[in-house]
Amino acid sequence: MPHPFRFELLAVDERTGARAGLFHTPHGIVETPCFMPVGTRGTVKGVWPHQLREIGAQMILANTYHLALRPGEEVVAGLGDLHEFMHWDGPILTDSGGFQVFSLNTLRELTDDHVVFRSHIDGSLLELTPERAMQIQEQLGADCIMCLDECPPHDAPREQLIAAVDRTTAWARRCRDSHQRDDQALFGIVQGATDRELRERSAEGLRPLDFPGYAVGGLSVGESPEEMYATLDFTVPLLPEDRPRYLMGVGRPIDILEGVLRGIDLFDCVMPTRNARNATAFTSRGPVKMRNLKHQNDVEPLDPDCDCPTCRSFSRGYLRHLFVTGEMLGGMALSVHNLAYYQRLVRDLRTAIKSNRVLEFHAAHLAGQADGP
Ligand SMILES: [Zn+2]
């Protein structure tokens, strides 16, 4: 692992393989398991950086695809780097841009050498290669960056899945060979959908490249939760124990719990902020639909077990009023709360792992959600 990155395991739960650790990066130490709020365009929508700090966020994610299109990686570099640009001095991870190319229906050509895609903003044709993905992410300047990978649909024919695994391995090598900055940790991404043989093939191709971190890609893309958990059951043991493991784009609180139980260390998902903008809150007693008429005269906070700025300040009745009238503070306040809920979940998981009671925590979490309103 390149200096100054170091992954320190503090505790491993013997019954499950759940891990608590410290990931040292140039912009600070990340306690794992960690949930990264998603700042798609260099902003966690509706949330100030100091609020992210206050609720316990330690590392955040930004999307290379969106930032490369607008404002462009050179503009970001000219304004300092991503840390200065978005006023977040903690660790940042950027993805490679590949996921958006494959998922936004912008793909025009895919060969072993490159992908050509159409900008969803102005329709122009753009090229992404492994080398270009490294160059953009070096200019953005995040602490952790990702290899360009091919993300086929989960139900693609097996030949296509095999080709994607092999191309992902070849691209990972090119990314590693062209990546220059030793103050960035480059993560490899294991693909292979829900197929055990393909996950093995992918991990075997990537392990010799000795990446400082490994991600599991290609999940939470339409397969069932049970298929995702089963895939993690056989994929996580293929990854080196002494490197952080990142489950990309996952997920619901229960998926984070199940991922942690299977030895995952890092997560990211747009769900807490997206659901917040759609007036749905995560709470210790289950999900709450904020527009519901039953909240109209409710003076109670959204979640009695939450000490976030939203729950300390506002009643359910007021939050409902904000959504019913379309006030922007509604989505902002609920985003802070939902992110605080996720941060509390991973913080409680870290404590539970260190005190050897992660299975008990899992059972108590499920019971609490079932009791919900
Ligand atoms: Zn709250």
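Residues numbered from 1 in each chain as written. Predicted model: local features only at pLDDT ≥ 70, side-chain atom pairs only at ≥ 80, totals over all residues. Heavy atoms only, no water.

The chain appears in an unreviewed UniProt entry as Queuine tRNA-ribosyltransferase from Maioricimonas rarisocia. According to its UniProt record, the chain has this under Catalytic activity (unreviewed entry): "7-aminomethyl-7-carbaguanine + guanosine(34) in tRNA = 7-aminomethyl-7-carbaguanosine(34) in tRNA + guanine". The annotation that UniProt attaches to the chain under Pathway (unreviewed entry) is "tRNA modification; tRNA-queuosine biosynthesis." (UniProt positions renumbered as here; feature names shortened; annotations may be inferred.)

Draft legend 1. Expanded view of the coordination of the zinc ion. Looking at the zinc ion, the protein donor atoms are Cys306 (SG), Cys308 (SG), Cys311 (SG) and His337 (ND1), and they sit 2.1 to 2.3 Å from it. Binding-site remark: the zinc ion is held by donors from one chain whose sequence spacing is C-x1-C-x2-C-x25-H. An identical accessibility class is assigned to Cys308 and Cys311; each is buried. (Donors = N, O, S within 2.8 Å, 3.2 Å for Na, K, Ca; no water. Buried < 20%, exposed > 50% of the residue type's maximum accessible area, 1.4 Å probe, protein only.)

Draft legend 2. Up close: the pattern of salt bridges. A full pass over the atoms with the stated rule returns 25 salt bridges. In this structure, the salt-bridge partner of Glu31 is Arg350, at a minimum N-O distance of 3.9 Å. Here Glu31 is found in strand β3 (residues 28-32), whereas its partner Arg350 is found in helix α14 (residues 328-354), with 319 residues between them in sequence. Glu31 gets classed as partly exposed once you look at its relative accessible area, which sits at 30%. (Salt bridge = Lys/Arg side-chain N within 4 Å of Asp/Glu carboxyl O. Helix = DSSP H or I, 4+ residues; strand = E, 2+ residues; numbered from the N terminus.)

Draft legend 3. View of the packing of aromatic side chains. All chains considered together, the criterion is met by ten aromatic pairs. When the ring of Phe282 is compared with that of Tyr341, the centres are 6.0 Å apart and the planes differ by 20 degrees; the resulting orientation is stacked. Note that Phe282 is positioned in the loop between β16 (280-281) and β17 (288-289) and Tyr341 in helix α14, a separation of 59 residues in sequence. Residue Tyr341 is classed as buried on the basis of its relative accessible area of 5%. Look at Phe314 and Tyr318: their rings are 5.0 Å apart centre to centre, the planes differ by 50 degrees, and that puts the pair in the tilted class. Judged by relative accessible area, which is 23%, Phe314 ranks as partly exposed. Since its relative accessible area comes to 33%, Tyr318 is described here as partly exposed. Aromatic ring contacts, followed pair by pair, group Phe5, Phe7, Phe23 and Phe187 into a single cluster. (Phe/Tyr/Trp six-rings, centres within 6.5 Å; stacked < 30°, edge-to-face > 60°.)

Draft legend 4. Up close: the UniProt feature "binding site: substrate" (unreviewed entry) in the chain. Taken from the UniProt record, the annotation "binding site: substrate" (unreviewed entry) applies to Asp95, Ser96, Gly97, Gly98, Phe99, Asp149, Gln191 and Gly218. If you take the residues mentioned a moment ago, the ones lining the largest cavity come down to Gln191 and Gly218. In this fold, Gly97 is placed in the loop between β7 (92-94) and α5 (98-103). In this structure, Gly97 is in contact with Thr64, Tyr65 and Leu128, ignoring residues within four places of it in sequence. Looking at the element boundaries, Phe99 is found in helix α5. Residue class for Phe99 comes out partly exposed when judged on its relative accessible area of 42%. (1 Å grid on protein atoms, 1.4 Å probe; cavity = no way out; pocket = protein on both sides within 12 Å on 5 of 7 lines; lining within 4 Å. Contact = heavy atoms within 4.5 Å.)

Draft legend 5. Quick look at a nonpolar patch on the surface. A contiguous nonpolar patch, built from Val75, Leu79 and Phe85 and spanning about 240 Å² of accessible area, is present on the exposed surface. Structurally, Leu79 can be placed in the loop between α3 (73-78) and α4 (82-85). Exposure remark for Leu79: the relative accessible area of 48% places this residue in the partly exposed category. (Patch = residues over 30% accessible without salt bridge, like charges linked within 9 Å, V, L, I, M, F, W, Y side chains within 5 Å. Areas by Shrake-Rupley, 256 points an atom, 1.4 Å probe, with all protein chains shown as cover.)

Draft legend 6. Here's a closer look at the UniProt feature "binding site: Zn(2+)" (unreviewed entry) in the chain. Under the UniProt annotation, "binding site: Zn(2+)" (unreviewed entry) lies at Cys306, Cys308, Cys311 and His337. Across 32 residues, the annotated set stays spatially compact, with a maximum C-alpha separation of 8.0 Å. Topologically, Cys308 is positioned in the loop between β17 and α12 (309-313). The class for Cys308 is buried, based on a relative accessible area of 3%. What Cys308 contacts, discounting residues up to four positions off in sequence, is His337 and Ala340. Judged by its relative accessible area of 0%, His337 is buried. What His337 contacts, discounting residues up to four positions off in sequence, is Ala281, Phe282, Thr283, Leu302, Asp303, Cys306, Cys308, Thr310 and Cys311. Reaching out from His337, the side chain makes a polar contact with the backbone oxygen of Phe282 at a distance of 2.6 Å. (Polar contact = N/O pair within 3.5 Å; in protein donor to acceptor, adjacent residues only side chain to side chain.)

Draft legend 7. Quick peek at the sheet that holds strand β14 (residues 245-247). Here nine strands make up an open sheet; going across it, the order is β4-β15-β14-β13-β12-β11-β7-β6-β5 and the pairing parallel. Single-partner strands in this sheet number two, and they are β4 (34-36) and β5 (38-39). On top of the sheet, helix α6 (residues 130-140) reaches β7, β11 (144-146) and β12 (185-190); it is set at about 160 degrees to β11, its chief contact. (Pairing = 2+ DSSP bridges. Axes fitted to C-alpha atoms, helices over the stretch in contact; angles between N-to-C directions.)

Draft legend 8. Representation of helix α15 (residues 358-370) within the structure. Taking 1.5 Å per residue as the helical rise, α15 with its 13 residues ought to reach 18 Å, and the 19 Å between its terminal C-alpha atoms agrees with that figure. Within the span of α15, buried status applies to Val358, Phe361, His362 and His365. Taken around the axis of α15, the buried residues stretch over an arc of 100 degrees, which confines them to a single face. Tucked into the core, α15 has its buried residues touching α10 (253-261) and α14. (Expected span 1.5 Å × (residues − 1). Arc of directions from axis to C-beta.)

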